[in-house]
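Summary of the model geometry
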Amino acid sequence: MPPLIELRPEGLYCAAGDFHIDPWRPVPRAVLTHGHADHARSGSARYLAAAQGLGLLRHRLGADSPLEGLAYGERVALGDTVVSLHPAGHILGSAQVRIEHAGETWVVTGDYKRDPDPTCAPFELVPCDVLITEATFALPVYRWEPTESVARAILAWWDECARRRVPAVLFCYALGKAQRLLAELARVVERPVHLHGAMVPLVQVYRDAGIAMLPTLPVSDSARGRDFAGELVLAPPSAEGTPWMRRFRDASTAFASGWMRVRGNRRRRGHDRGFVLSDHADWPALVATARECGARRVLATHGSTDAYVAFLREQGIYAAPLRTEFGGEDSAHA
Amino acid sequence: MKAFAALYAGLDASTATRDKVAALAAYFRAAPAEDAAWALHFLSGERLKRTVGPAVLRELAVRASGYPAWLVEDSYAHVGDLAETITLLTRRCDDAVAADLPLHRWVAELRAVPALEPAQRDARILGWWAALDDGERYVLNKLLTGALRVGVSQRLVLQALAEASGLPADRLSQRLAGTWTPTADAWRRLLAPADVDDARSDQPYPFFLAAPMEDAPASLGPRAEWLAEWKWDGIRAQLIRRSGAVAVWSRGEERLDGRFPEIERAAAALPDGCVLDGEVLAWRDGAPLPFGLLQKRIGRLKPGVKTLADAPVAFLAYDLLEVDGADLRAMALAERRARLSALLAAAGDPFPVSPAVDGDDWPALAAARDSARARGTEGLMLKRLASPYQVGRKRGDWFKWKVDPLTVDAVLVYAQAGHGRRANLYTDYTFAVWQGDALVPVAKAYSGLDDAEIARLDRWIRAHTRERFGPVRSVDPVQVFELAFEGIQASGRHKAGVAVRFPRILRWREDKPAAEADRLETLQALAARIG
Ligand SMILES: [Zn+2]
Ligand SMILES: [Zn+2]
């Protein structure tokens, strides 16, 4: 019997249910875990995704794309399978996909994290026989500190920039990380934050979903020559080194990403600060999830999975890598 | 140590020079003398003598983290730095209590490590890891594994010291020259008021270094204002004749005494109270021998008769810095050279003076420079005749005008991840040339590509790996690079039979197929011609 989910040129495919999960080429029916570009691609005939993520997906795939929403935990029959979506804790509306067929249960985590995040429903541990998991940060050096201490460190840097009368430009991914930062900072401070244009509509989608965040002002609305000294500006990494940066003279710059945990990565980015904040599972969470879901087989995607697979095997869990086209070492949203 | 760890983290995080200087100066002002002395010692790139081997630390990291040894190794390969890897794999225990010991007390603790029984040593290190927070644990591990390397230059440190003390940087640099021992007393002497005399009889002056020529020599003005000399390929050194003794100091401010007895003997003819600047060279019959011969001598104290005969050395004098105990450095070079010749003549010519290179105008000198390699030199030195002897590498008065490097087209065959800033990138490359239809490695090179090229080559290497041997990957022999190097010699120790000096990447020859890379015979012929 072929495995319930197999790797096809167009992506992960479930023959029994005749659907793909996060396919990288157009297919008749796609189940989407979340709205990041390496998971949600346009062109498929029908999409199924968590109801809470539809706003983002409409923004990403187009307002009239053939999207269908499913509440977390709601079961739906697809072909010979029963499919349900469960919170992944990654970004707003992110989901793990649970597939039941012939007495066997598979779970595809998509991207996930187990740290608390005020912008999305918390990760739910879903028992299964086979787990297809992400493994972006699959080395034990990647271990996240509590988010609150990261938020406080960012605030301390912001305050220092205010003292020195220079702008504080914080680079982070436009979808997920930016909104999480705005929500986390709202718990420790109350000041407006300036946004790069690419982030404005995405922050609005989160506001529409009722997420509490700091007030934001689009940089483009500011008068020419406005002084940003002492102000926090969020910008996507793609804005680095562009003429757009010229208005933030003498700015102190920082980058927020899980990769900032390692000094070599911080130095390579060349920013004044690196804040360790990720929307992916850290090593302890990757190991705990594999163990706690009770799977007899774990298949790992994303990035360098060798150490993770070998470690699980030593722990008595059968594990293997699965070569997908999801963001790897240079993942666009880590 | 919290204050020093905070300084270290601040220096590491900031990219702005003025922030670094301010942080350093604030630390120097606030720290107790003995701590400040040690901080200065470490920031100058000095390290503690071996405290504990890396193998022991790795084993302890396995114990402390609970991860298997191979996973600790994988983590190390990813992070690229053992001290940082251990810091990331261990964590402070919440119930551990630790007093904040001052830095010099930590130094004493660390220096006591080698004398401990293994079990006691291990328990102590594990205890430290459990008690210190991330920043302190990182600094501790850096001290355990070697140099701190925090990315501040000696110039910045001096600038901060000057800011903290109000003393001129040149004076501080002079007081720091030679062997500076980090003690509270030494710190106080270093920061003593400017009118306090610093008599230290065997100390060299800070070396004045030449800057590389970047423009055409015509930009230097009239030829007549400049002294041209050969750029000798030896060890820059100062010869100090004071208080009836002789001391030889290298530019790295290491004492070379005992290695070159023929030079020390000849120096006895010099009058007391003088300092010469010059070059130690392997030398026979008035001409230089390959640098490799000099290398044989550097490591050897009290060389035997055979070594002395096989690799004879000479000291070629460039400059006179002190006579009768008086500092001549403010004087013009022309005047110092005249006094140098007179002094050597009066002493019976114990050392030759590095000769001036003739040539009436810049084109004539350019022609002379073309013959530099044939004479066993690296090019020309141009020194302004009116220049004082300054401190460090200051542009404007002394230039090195090197001959263009030798080049070879070679094929990339192995790659290894870099360290530090480039820990996750394959940046250390091994290159090979053809011998028949086999590729023979001839050079390793690290530098020469820009960040974008490094990233692109890194991706290519990952996608075209043939085999992995630990941290090293062999790759498909496809990519050709033009390498530059400063010299080449026949060598029995290298598989290729030749050894190149200072190889670096000139450019990535994506236009060139691997089959058109150079052949070993070409290199061997080159070595025979100029080696
Ligand atoms: Zn994602
Ligand atoms: Zn992803």
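Scroll up a little and you will see the structure.
Residues numbered from 1 in each chain as written. Chains lettered and ligands numbered in written order. Predicted model: local features only at pLDDT ≥ 70, side-chain atom pairs only at ≥ 80, totals over all residues. Heavy atoms only, no water.

1. Focus: the interface of chain B and chain A
To be explicit about the condition: Contacts are assigned to residue pairs with any non-hydrogen atoms lying within 4.5 Å of each other. Reported buried area values correspond to the accessible surface (1.4 Å probe) lost by two parts on association, with both partners' losses combined. A side-chain nitrogen of Lys or Arg and a carboxyl oxygen of Asp or Glu constitute a salt bridge if their distance falls within 4 Å. In the analysis that follows, any N or O atom pair within 3.5 Å is treated as a polar contact, provided that within protein one partner can donate a hydrogen and the other can accept it, and provided that, for residues neighboring in sequence, both atoms belong to side chains.
Each side of the interface is counted separately: chain B has 28 residues, and chain A has 26 residues. A combined buried area of about 2500 Å² lies between chain B and chain A, and 48% of that area is made up of carbon and sulfur atoms. Where chain B touches chain A, the interface holds 2 salt bridges. Of the charged contacts, one joins Asp-19 of chain B and Arg-164 of chain A as a salt bridge, the two residues approaching to 3.7 Å between their closest N and O atoms. Summed over the shared surface of chain B and chain A, the number is 6 residue pairs in polar contact (both at pLDDT 80 or more).

2. Re the environment of Ala-115 of chain B
Residue and element names in this part refer to chain B. Stated formally: Numbering of helices and strands runs from the N terminus, with a helix taken as a DSSP run of H or I at least four residues long and a strand as a DSSP run of E at least two residues long. The cut-offs for exposure are 20% and 50% of the maximum accessible area for each residue type, with area from a 1.4 Å probe on protein chains only; residues under the lower value are buried, those over the upper are exposed, and the others partly exposed.
Secondary-structure assignment places Ala-115 in the loop between helix H7 (103–112) and helix H8 (118–131). The class of Ala-115 is exposed, set by a relative accessible area of 72%. Along the primary structure Ala-115 and Thr-51 are separated by 64 residues, whereas in three dimensions their C-alpha atoms are 9.2 Å apart.

3. Looking at the packing of helix H1 (residues 2–13) of chain B against helix H9 (residues 134–145) of chain B
Residue and element names in this part refer to chain B. Which entries qualify depends on this criterion: What counts as an axis is a line fitted to C-alpha atoms, over the stretch in contact for a helix, and the angles between N-to-C directions run from 0 to 180 degrees. Note on terminology: angles under 35 degrees are roughly parallel, angles over 145 are roughly antiparallel, angles of 65 to 115 are roughly perpendicular, and the others are oblique. Lys, Arg, Asp and Glu make up the charged group, whereas Ala, Val, Leu, Ile, Met, Phe, Trp, Tyr, Cys and Pro make up the nonpolar group; the residues left over, Gly among them, are polar.
Where H1 meets H9, the closest approach of the two axes is 9 Å, and the angle between their N-to-C directions is 85°. Judged by the angle between their axes, H1 and H9 are roughly perpendicular. For the pair H1 and H9, the contacting residues are Lys-2, Phe-4, Ala-5 and Tyr-8 in the first and Gly-135, Glu-136, Tyr-138, Val-139 and Lys-142 in the second. Across the contact of H1 with H9, the residue classes tally to 5 nonpolar, 1 polar and 3 charged.

4. Overview of the packing of aromatic side chains
Selection rule: For this analysis, a ring pair means two rings from Phe, Tyr or Trp (six-membered ring only for Trp) whose centres lie within 6.5 Å, classed as stacked if their planes differ by under 30 degrees, edge-to-face if by over 60, and tilted for the remaining angles. When the NZ atom of lysine or the CZ atom of arginine is within 6 Å of a ring's centre and also within 35 degrees of its normal, the charge is said to sit over that ring.
Applying the stated criterion across every chain, the model contains 29 aromatic pairs over all chains. Between Tyr-8 of chain B and Tyr-138 of chain B, the ring centres sit 5.7 Å apart and the planes meet at 70°, which makes this aromatic pair edge-to-face. Taken as a pair, Tyr-8 of chain B in helix H1 and Tyr-138 of chain B in helix H9 lie far apart in primary sequence, 130 residues in all. When sorted by exposure, Tyr-8 of chain B lands in the same class as Tyr-138 of chain B, which is buried. Between the aromatic rings of Phe-208 of chain B and Tyr-389 of chain B, the centroid separation amounts to 5.9 Å while the plane-to-plane angle is 75°, which identifies the pairing as edge-to-face. Residue Phe-208 of chain B is located in strand S1 (residues 208–209), and its partner Tyr-389 of chain B is located in the loop between strand S10 (379–384) and strand S11 (392–393); the two are separated by 181 residues in the primary sequence. Assigned by exposure class, Phe-208 of chain B and Tyr-389 of chain B land together as buried. Counting every residue linked through ring pairs, the aromatic cluster contains Phe-137, Tyr-142, Trp-144 and Trp-259 of chain A. The cationic tip of Arg-191 of chain A hangs over the ring face of Trp-158 of chain A; the distance from NZ or CZ to the ring centre is 4.5 Å. Positioned above the aromatic ring of Tyr-318 of chain B is the side chain of Lys-383 of chain B, whose terminal nitrogen or guanidinium carbon lies 4.5 Å from the ring centre.

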